[in-house]
Amino acid sequence: MSESNTSQDIASLYRFMAQCMQYPDSEWMNDDFFNVFYNLLGTFGAITEGKEIRNALEHSSDFIEDLQIEYTRLFINGVPHVVAPPFASVYMDKSIQGSFALRTLSFYREKGFTMEDNADLPDHLVHELEFLSLLAEEEDFTGEEEFLSKLFRPWYKQFCPRVAEETRHPYYRMVVTLIDSFTKEEEEDGFQLNEA
Amino acid sequence: MAFNLTRRKFLQTASLAAATIPLSKVVSAETGVAKASLEPKGTMGDTTVVGGLCEMCFWRCQLVGKVRDGQLMKLEGNPKSIDNGSAICARGNAGVKLLYDVDRLKYPLKNVGKRGEPVWKRISWKEALDECGSKLKAVVDQHGPQGICVFPHGASAKYPMHFFERTVGTHNVSEASFFQCRGIRDSAYVNTIGKAPGEMVDMSNTKVIFLVGSHLGENIHVSHIKSYMKGLQGGAKLVVADPRYSAAAAKSDIWVQIKPGTDTAYLLAIMNYLVKNNKYDKEFVAKHTSGFDKFSTAISEWTLDKAAKECDIPAAQIKEVAELLAANAPNVAIHPGRHVSWYGNDFQRERSLACLTALLGAYYVKGGWVPPKNPAKLGKTSWAPQEHGNEHNLNFLKDKKVYAFNPPGTPTELIRDCAISGKPYPIKGCVVWGQNPMQTIPNQEKMKQVFNAMDFVMCVDVMPTDVTMWADILLPESSYLERHDEIKTGVGKVKATDKEPTQFIAPRMPLVEAMFERKDQVYITNEIAKRMGHEKEIPVQTLEELVDKTLASANISLASVKAEGGIHLQPGFSPYGVPEDFMVQLFNEEIAAAGHPGAPTYKAVEEVPAGYARLLYGRTPVHTFNRSQNNVWLNHEMSTNPVWLNNEVAAKLGLKEGDTVGFINSEGVKSRTTTTVKVTPGIRKDAVYMYHGYGSANPLLTAGVGQGVDDQSLITKIAIDPETGCHGMRNNFVKLTKDGKALDIPA
């Protein structure tokens, strides 16, 4: 496998993971999507998990609505609490749009990227994965590694277990685990929590 | 889970390439992060954005925002302000945390569960608006416009309220600011002096500040408190009537530890003393009042001794206060209060305050009640008023008003009774906009019945609250920091030495852009209006246009005010001097004709039953009721509301400072949560006190849920002020509970 191909593969994986974390909608969350998803899980030996998800979807009268409700509960506003807001600042600054979000945006800018007008906050999980995908496309592996270690992993490793433990749907357990695996090095670096 | 790869192993997977090939086919082509077209600029540095108008409470202090890269870092008072100046209060500072509260509403939500036990699903604005429009239209088509009731509150609720009231045509609108707060005051003064009084007492120039229940210092409005402090610094005497040793009582020269509910008797005795002893302002009374003879006769029974007995205070102290007021008249500030819906006898108390001011000649004089000469009234841009008759006005029975002196809107209890009973007609649609009726209106179970009687409930708010749990559709609104809005006008002095005041006009401008999918009231209302068939009547297309049209009546614009630093200043005029036609109706024939006492009259309230204490509540300086309970900074400052308990009572009950207690009221309603005891001699033995706005039941409020006790949950007995139809909320009685056991309060 050439380096260029690898970088494209990495970019594709990041983009796919970003897509997985978009709000569920039948526009994109269709049979094609799930076929690709199950195939990917199979590649990584997660066949049982794939079956579990397939089973949950097949036994639902409206699986899109199930996933929308679960997405809302996990990431937007949920009862009893929103489980895991998908923003870095929430974990690092205990606030939306904390200084960690600014640092994230600064990093994007240093690398020559910017936020689109209709984008969510810069430290939203989806955008961070998109950004990582773009870095991979540019074969900026140093940048990718720096971003992962300084700005992504410190919060994601708090976010991921919250979702994995609290979710009522195997799809989200799998997606956050997939992202975790793909962004995790063997040794996590320590990172100081900003004071709220 | 068996799945336990690391990145390195991930990438070493042999068939990775095969797996990734189809990935690109199922992902969206668009990303939120994109290559910048220009050279990266790096950080833009801090900028100061002008035009902020605070709404952590409703005083509307003028703000600037320190903004970095679109992120609000800090709020400060606008240095150009001649109102609050550069100062803002703790709540004002904490607006940053409201803006970025993790729990804030972000997207339209649909409740796919039950009302009260919601299961939320994010939906698109189109779907949300389609549902709101079609459901509300269906209610109107089936039941008429009166089938919709509206509970609005705050600046953003005005535009939608006008839509439903004027354009759709329902009378069933109830604002908490009127019916559970200051409406009684405004109506009483309108029917005494012809004007709502605001809090327009010239405290900075007064010789005596006279407060009945107002706990300034715990209730903070910055320019008002500045005026109060300036008055005290200038040597003004302070008289505070309050059953509790409030922050104001702590600064007082005379603390009148009055029995709750008897304030009117106290005021009548002061007035009777002034009249009987010729210590009132005869010239003012002759020139500017009517009905003096009937008035003085009506109050003549209120001797010092009689009032002393009724109010449980020394007669000598009533006399001392009356003498102090007379000696310093007319430069005395008789404060009209703000939240006055206490006992269901409040209209008469407010009339008494207005009449006392007249006896002292304390209108339009230095240190008295002085309405500032504000900028000429700005034009009102909103939905055009239309006549809808009173056929479906619940406050009219056969062309006669049920509550003759109600503030604008329909008394809440009339709406609730109609909604629950379906009589005289069904109310099936409910719009809640910025109000939290679960924590502002007494008797929560009744409120739940109202929601359960509806075909459709929609709520618009910035935060989840106890009422949003009852919505079918919940819409996220942009906050006061993210939108244009409300215009504050007033007067102040640019320099302390200025002889004449300066007028100011300060429209609200956004300090940052709204995040997520939050929308403002004009957008939401217009879109619903279109779906209800009222597109042609839409008065403005955007909120910005609404504000600009309003400013045009003063020959200014948002752009010009922004260029002026967010506040427009213009020359003002001295507020002093009684207008020739100013009249005070000491005896009001119209009130008498409506079957109520024409002269201020005391009506005793229910005595505290044996074993109970009267539940009193009030404000804390760092919260604005339940609105701020989830704010992490404010929650950190005061996360709970300890109950004030008299030290002798505590000793008899075996309770000590910090003990955890719950409550049960005289109707058997228990508090959902507990709080701690504050043991103090600064509260009467027959009352307990707590700060209002705690103990939210909504688990969406990560910081605020279940913190302290929700006093409103214990206010189940409903008292109605007979003249205005407003609620009285201090006629509820509680026992403390400890370890599940109710403790009898000793007499």
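What you are looking at is a predicted structure, and each value in this text was computed from that prediction instead of being measured. Numbering of residues starts from 1 in every chain and runs along the sequence as written. Chain labels run from A onward and ligand labels from 1 onward, assigned in the order the entries are written. At least 70 in pLDDT is required for a residue's local features to be given in this predicted model, at least 80 for side-chain atom pairs to be given and counted, and no such filter applies to totals for whole chains, interfaces and linings, which use all residues. Each side-chain value is derived from all of the structure's non-hydrogen atoms; neither hydrogens nor water enter the calculation.

Points about the overall build of chain B
Logical step 1: Under the scheme used here, helices are H or I runs from DSSP no shorter than 4 residues and strands are E runs no shorter than 2 residues, and both carry numbers assigned from the N terminus. Check the secondary structure of chain B and you find 25 helices and 30 strands.
Logical step 2: Taken over C-alpha atoms, the radius of gyration comes to 27 Å for chain B, in line with the 27 Å a tight globule of 747 residues would show.
Logical step 3: Once the C-alpha set of chain B is aligned to its principal axes, its extents read approximately 100 × 65 × 55 Å.
Logical step 4: Taken across its 747 residues, chain B has 63% of its residues classed as buried.
Logical step 5: A sequence separation of at least 24 residues applies to 75% of the contacts in chain B between residues at least 6 apart.
Logical step 6: For chain B, the exposed surface amounts to about 27300 Å²; the carbon and sulfur share of it is 52%.
Logical step 7: The distance from the centre of the 87 positive side-chain charges to the centre of the 78 negative ones in chain B is 3 Å. Throughout, radius of gyration means the C-alpha value; the globule benchmark is 2.2 Å times the number of residues raised to the power 0.38. Type-normalised accessible area, obtained with a 1.4 Å probe on protein chains alone, sets the label of each residue: buried when under 20%, exposed when over 50%, and partly exposed for intermediate values. The contact rule is simple, with two residues in contact once any of their heavy atoms fall within 4.5 Å. Residue burial considers only the protein chains on display, and all accessible areas are found by Shrake-Rupley using a 1.4 Å probe. We count Lys and Arg on the positive side and Asp and Glu on the negative side, and we leave His and both chain ends out. In plain terms, the charge of a residue is placed at NZ if it is Lys, CZ if Arg, CG if Asp and CD if Glu.

Here's the deal with the packing of aromatic side chains
Logical step 1: Stacked, edge-to-face and tilted labels apply to pairs of Phe, Tyr and Trp rings (six-membered ring for Trp) whose centres lie within 6.5 Å, assigned for plane angles under 30 degrees, over 60, and everything in between, in that order. Taken as a whole and judged by the stated rule, the model has 52 aromatic pairs over all chains.
Logical step 2: Both rings, one in Y91 of chain A and one in F159 of chain A, keep their centres 6.1 Å apart while their planes meet at 85°; by these two values the pair is edge-to-face. With a gap of 68 residues between them, Y91 of chain A in helix α5 (residues 88–92) and F159 of chain A in helix α8 (residues 141–166) connect regions that are remote in the sequence. Here Y91 of chain A matches F159 of chain A in class, with each residue buried.
Logical step 3: Between W302 of chain B and Y602 of chain B, the ring centres sit 5.5 Å apart and the planes meet at 90°, which makes this aromatic pair edge-to-face. Of this pair, W302 of chain B sits in the loop between α12 (292–298) and α13 (304–311) while Y602 of chain B sits in the loop between α22 (589–593) and β22 (613–618), and the two are 300 residues apart along the sequence. Y602 of chain B shares its class with W302 of chain B; the two are buried.
Logical step 4: Only Lys NZ and Arg CZ are tested; either one counts as a charge over a ring when it is within 6 Å of the ring centre and within 35 degrees of the ring normal. Seen from the ring of Y689 of chain B, R244 of chain B lies directly overhead, with NZ or CZ sitting 3.7 Å from the centre.

Quick notes on the pattern of salt bridges
Residues and elements named next belong to chain A.
Logical step 1: What counts as a salt bridge is simple: a side-chain nitrogen of Lys or Arg found within 4 Å of a carboxyl oxygen of Asp or Glu. This structure, assessed with the given rule, holds 51 salt bridges over all chains.
Logical step 2: Between E70 and R73 there is a salt bridge, with its nearest N and O atoms 3.0 Å apart. With E70 and R73 both in helix α4 (residues 63–76) and three residues apart, this pair spans about one turn of that helix.
Logical step 3: In this structure E70 comes out as buried when scored by relative accessible area, which is 5%.
Logical step 4: The exposure class of R73 is buried, given its relative accessible area of 8%.

Section: the sheet that holds strand β3 (residues 62–68) of chain B
All names here are of chain B.
Logical step 1: One open sheet holds the three strands; their spatial order is β2-β3-β4, and the pairing between them is antiparallel. Of all the strands in the sheet, just β2 (46–53) and β4 (71–77) have a single pairing partner and so form its edges. Between one strand and the next, the sheet's axes are offset by a mean angle of 30°, whatever the strand orientation.
Logical step 2: Any two strands are treated as partners once DSSP identifies two or more bridges connecting them. For β2 and β3, the ladder comprises seven bridges, and the chain directions are antiparallel. Bridging from a neighbouring strand, L53 pairs with Q62 of β3. For helices, the axis comes from a line fit to the C-alpha atoms of the stretch in contact; other axes are also lines fit to C-alpha atoms, and the angle between any two N-to-C directions lies between 0 and 180 degrees.

Re the domain arrangement of chain B
Residues and elements named next belong to chain B.
Logical step 1: Segmentation of chain B into domains returns domain 1 (46–99), domain 2 (181–359) and domain 3 (613–743).
Logical step 2: Placing the centre of domain 1 and that of domain 3 at their C-alpha centroids yields a distance of 31 Å.
Logical step 3: Facing eleven residues of domain 1, the contacting portion of domain 3 comprises twelve residues.
Logical step 4: Note on terms: buried area is the combined drop in 1.4 Å-probe accessible area of two parts once they are placed together, counting the loss on both. Interface of domain 1 and domain 3: buried area, both sides summed, is about 890 Å²; carbon and sulfur atoms make up 64% of it.
Logical step 5: A per-residue breakdown of the area domain 1 buries against domain 3 is headed by F58, R91 and K97, which together make up 53% of the total.
Logical step 6: If you look at where domain 1 meets domain 3, you find zero salt bridges.
Logical step 7: Counting of polar contacts relies on pairs of N or O atoms within 3.5 Å, with two restrictions inside protein: one atom must be capable of donating a hydrogen and the other of accepting it, and residues adjacent in sequence are counted only when both atoms are side-chain atoms. Along the contact surface separating domain 1 from domain 3 lie four residue pairs in polar contact (both at pLDDT 80 or more). The domain limits used here are those given by an automatic or database domain assignment.

Focus on the nonpolar core
Logical step 1: The set of buried Ala, Val, Leu, Ile, Met, Phe, Trp, Tyr and Cys residues whose side-chain atoms join them within 4.5 Å is what this entry labels a nonpolar core. One finds F37, F159 and Y171 of chain A together with F210, Y266 and Y363 of chain B to be the most contacted residues of the largest nonpolar core, which totals 190 residues.
Logical step 2: For this core, the leading source of residues is helix α10 (residues 263–276) of chain B, giving ten residues.
Logical step 3: Dropping the residues within four chain positions of it, Y266 of chain B is found in contact with F210, V239, A241, V256, I258, C311, I313, I318 and V321 of chain B.
Logical step 4: Among the nonpolar cores identified, the runner-up in size contains 33 residues, and V150, A157, V173 and I538 of chain B belong to it.

Points about the interface of chain B and chain A
Logical step 1: Taken together, the contacts link 61 residues of chain B with 69 residues of chain A.
Logical step 2: Both faces combined, the contact of chain B with chain A buries some 5900 Å², and carbon together with sulfur accounts for 63% of it.
Logical step 3: The interface formed by chain B and chain A holds three salt bridges in total.
Logical step 4: In this assembly, chain B and chain A are joined by 18 residue pairs in polar contact (both at pLDDT 80 or more).
Logical step 5: Those elements that place two or more of their residues in the side of chain B that touches chain A are α1 (7–12), α2 (16–20), β1 (33–35), β4 and β6 (120–122) of chain B.

Brief notes about helix α18 (residues 444–452) of chain B
For an α-helix, the turn length of 3.6 residues means that residues three or four places apart are oriented alike.
Residues and elements named next belong to chain B.
Logical step 1: Of the positions making up α18, those classed as buried are Q444, K446, M447, V450 and F451. Taken around the axis of α18, the buried residues stretch over an arc of 155°, which confines them to a single face.
Logical step 2: Tucked into the core, α18 has its buried residues touching β7 (148–152), α16 (412–421), β15 (429–433), α17 (437–440), β16 (456–461) and α25 (711–714). Throughout, the arc means that of the directions going from the helix axis to the C-beta atoms.

Points about the pairing of β16 of chain B
Residues and elements named next belong to chain B.
Logical step 1: The buried fraction of β16 amounts to six of the six residues, a majority that puts the element mostly inside the structure.
Logical step 2: In this structure, β16 lies alongside strand β17 (residues 473–476), joined through four bridges in parallel fashion. Bridging from a neighbouring strand, M458 pairs with I473 of β17.

A word on the environment of S296 of chain B
Residues and elements named next belong to chain B.
Logical step 1: By the secondary structure assignment, S296 is in helix α12.
Logical step 2: Under the relative-accessibility criterion, S296 is labelled buried at 15%.
Logical step 3: Sequence separation of S296 and A599 is 303 residues, and the distance between their C-alpha atoms is 8.5 Å.

Here we look at the packing of helix α3 (residues 47–58) of chain A against helix α9 (residues 170–183) of chain A
In a packed pair of helices, the relevant descriptors are the angle between the two axes and the axis-to-axis distance.
All names here are of chain A.
Logical step 1: The geometry of α3 relative to α9 is characterised by a closest axis approach of 8 Å and an angle of 145° between their N-to-C directions. You can see that α3 and α9 cross each other, and the crossing is left-handed. Contacts from E49, E52, I53 and A56 in α3 reach P170, Y171, R173 and M174 in α9.
Logical step 2: Tallied by class, the residues present in the contact of α3 with α9 amount to five nonpolar, no polar and three charged. Left-handed describes a crossing in which the near helix is turned anticlockwise from the far one by less than a right angle; the clockwise case is right-handed. Residue type decides the class: Asp, Glu, Lys and Arg count as charged, Ala, Val, Leu, Ile, Met, Phe, Trp, Tyr, Cys and Pro as nonpolar, and the leftover types, Gly among them, as polar.

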